[in-house]
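Chain and residue survey
If you want the building blocks of each chain, they are given just below.
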Amino acid sequence: MDGTVLDLRFDNLFWLEALPRRWGEARGLDPRESFSRLKARFDAKRGTLDWYCIDHWSEELGLDVAALKHELRGHIRYLPGAVEFLDRLRARGLRVLLTTNAHPISLGIKNQQTGLARHFDELVSSHEFGVPKESPEFWDRLDRGHGVTPGSTLFVDDSLAVLKAARSAGVRWVYQVLQPDSTQPPHAAADGFDGISGLIELAP
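Residues numbered from 1 in each chain as written. Predicted model: local features only at pLDDT ≥ 70, side-chain atom pairs only at ≥ 80, totals over all residues. Heavy atoms only, no water.

**Quick word on the side chain of Asp11**
Rule in force here: Helix and strand definitions follow DSSP, with helices as H or I runs of at least four residues and strands as E runs of at least two, each counted in order from the N terminus. Note on exposure labels: buried denotes an accessible area under 20% of the residue type's maximum, exposed denotes more than 50%, and partly exposed covers the range between, all computed with a 1.4 Å probe on protein chains only. In protein, a polar contact means a hydrogen-donor-capable atom and an acceptor-capable atom, both N or O and within 3.5 Å, with residues adjacent in sequence counting only if both atoms are side-chain atoms; elsewhere, any N or O pair within 3.5 Å suffices. Any pair of residues with heavy atoms lying within 4.5 Å of one another is described as a contacting pair.
Locating Asp11 in the fold gives a position in helix H1 (residues 9-25). Judged by its relative accessible area of 10%, Asp11 is buried. At 3.2 Å, the side chain of Asp11 forms a polar contact with the side chain of Lys110. Discounting residues that sit within four places of it in the chain, Asp11 has contacts with Asp2, Leu16, Lys69 and Lys110.

Rendered as C-alpha cells:
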C-alpha cells in the first residue's frame, strides 16, 4: 500500500518528522535528539509485526499514535498514476487485492481519507495473520485464507525484504517500485528485480 499505491511521503513525514517532534516536545528534546533516541527502537522492530503496530508504539512511546495519524491525514494521497492503473484492472474484470503490513487502524484512516476500498476487491492487513509480509507464513496464509495462488499472481511493492519473500513464495510476477516517495528521487532496482517508477507502467 504505502510506497506502491499511496505516496510514502506521508509515512516518512510521520515517522521521521512528526512523531519524533511530538514525542520530543513532551520531553523537552529538540527534533534531532528526539529522532536519535527513537531510531534504535525503530530499527530493533523493523521487519516484525510490532514495527507496523499502532498499539505497540502507542504503549512503547506513551503517545496516541492513531490520533497523530488522524491529525495529519490531509497528507495522505495516491502516488501518480495509481488510481488510473487500478481502474484499468477493475475494468478488465481482474481480481485486485491490497495486501499491507499497516495496522487496521492505519488502514482505516487511509481508507477513510482516500477511498481505497472502492478500488479493490479486498483490503488485507497482515495483522489478520499475525505475521508481516516479510514472513513466509504470510504468503501461505494469504493463499489459504484468500485464495491467492502465487503462480498466477502479480505483486508490486517497494520493500526489498517483502519482494524477496514474495518471490520465495513462488509469486510469478514481482515488481519493485523505485519512487515510493514522490518527493524523493527514484533509486536503482535491486538485483534480480524488475523496477518501475510507478504502477501506471504496468497498466493493461
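**Considering helix H5 (residues 82-91)**
Filter applied, for reference: This arc describes the spread of directions from the helix axis toward the C-beta atoms.
Three or more residues of H5 are buried, namely Ala82, Phe85, Leu86 and Leu89. One face of H5 carries all of its buried residues, which in axial projection span an arc of 95 degrees. Phi for Gly93, located one or two positions after H5, is positive at around 75 degrees.

**Remarks on the pattern of salt bridges**
Selection rule: Within this document, salt bridges are pairs made up of a side-chain nitrogen of Lys or Arg and a carboxyl oxygen of Asp or Glu, the two lying within 4 Å of each other.
Taken as a whole, this structure holds 15 salt bridges when the rule is applied. A salt bridge links Asp2 to Lys110, with the shortest nitrogen-to-oxygen separation between them at 2.7 Å. Here Asp2, found in the segment before H1, pairs with Lys110, found in helix H6 (residues 104-114); they are 108 residues apart in sequence, far enough to count as distant. Of the two residues, Asp2 and Lys110, both sit in the buried class. One salt bridge in this structure joins Arg141 and Glu137, with 2.6 Å as the shortest N-O distance. Here Glu137 and Arg141 lie together in helix H7 (residues 136-146), a separation of 4 residues that amounts to about one turn. A single salt-bridge network, built from bridges that share partners, covers Asp2, Asp11 and Lys110.

**Some details on H1**
Quick note on the threshold: Expected helix span is computed as 1.5 Å times (number of residues minus one). What we call the bend at a residue is the angle made by axes fitted to the seven residues finishing there and the seven residues starting there.
Taking 1.5 Å per residue, 17 residues should reach 24 Å; H1 reaches 22 Å between its end C-alpha atoms and fits that length. Maximal helix bending in H1 amounts to about 35 degrees, located at Trp15. All buried positions along H1 are accounted for by Phe10, Asp11, Leu13, Phe14, Trp15, Ala18, Leu19, Pro20, Trp23 and Gly24. Among the structural elements, helix H2 (31-45), helix H3 (54-61), helix H4 (65-71) and H6 are those in contact with the buried residues of H1.

**Observations regarding the packing of aromatic side chains**
Our working definition: Here is the rule: rings of Phe, Tyr and Trp (six-membered ring for Trp) pair when centre to centre is within 6.5 Å. Planes less than 30 degrees apart are stacked, more than 60 are edge-to-face, and the remainder are tilted. By definition here, charges over rings are those cases where NZ of Lys or CZ of Arg is within 6 Å of the ring centre and within 35 degrees of the ring normal.
Taken as a whole, this structure holds 12 aromatic pairs when the rule is applied. One aromatic cluster in this structure is built from Phe10, Phe14, Trp15, Phe42, Trp51, Tyr52 and Trp57. When the ring centre of Trp51 is taken as reference, the NZ or CZ atom of Arg46 above it lies at 4.6 Å. The ring of Phe14 carries Lys69 above its face, with NZ or CZ at 5.2 Å from the centroid.

**Points about the sheet that holds strand S3 (residues 154-157)**
Filter applied, for reference: Two strands make a pair as long as DSSP finds a minimum of two bridges between them. Comment: axis = line fitted to C-alpha atoms, over the contacting stretch for helices; angle = value between 0 and 180 degrees taken between N-to-C directions.
One open sheet holds the 3 strands; their spatial order is S3-S4-S5, and the pairing between them is parallel. The open sheet is flanked by S3 and strand S5 (194-196), the only strands paired with a single partner. Averaged over all neighbouring strand pairs, the angle between strand axes comes to 35 degrees, with direction disregarded. Relative to strand S4 (residues 173-177), S3 is paired through 4 bridges, and the arrangement is parallel. Paired with Val156 across the bridge in S4 is Tyr175. Its contacts with the sheet place helix H8 (residues 160-168) against S3 and S4, and it is angled at close to 165 degrees to S3.

Scope: geometric values only; no functional claims are made or implied.
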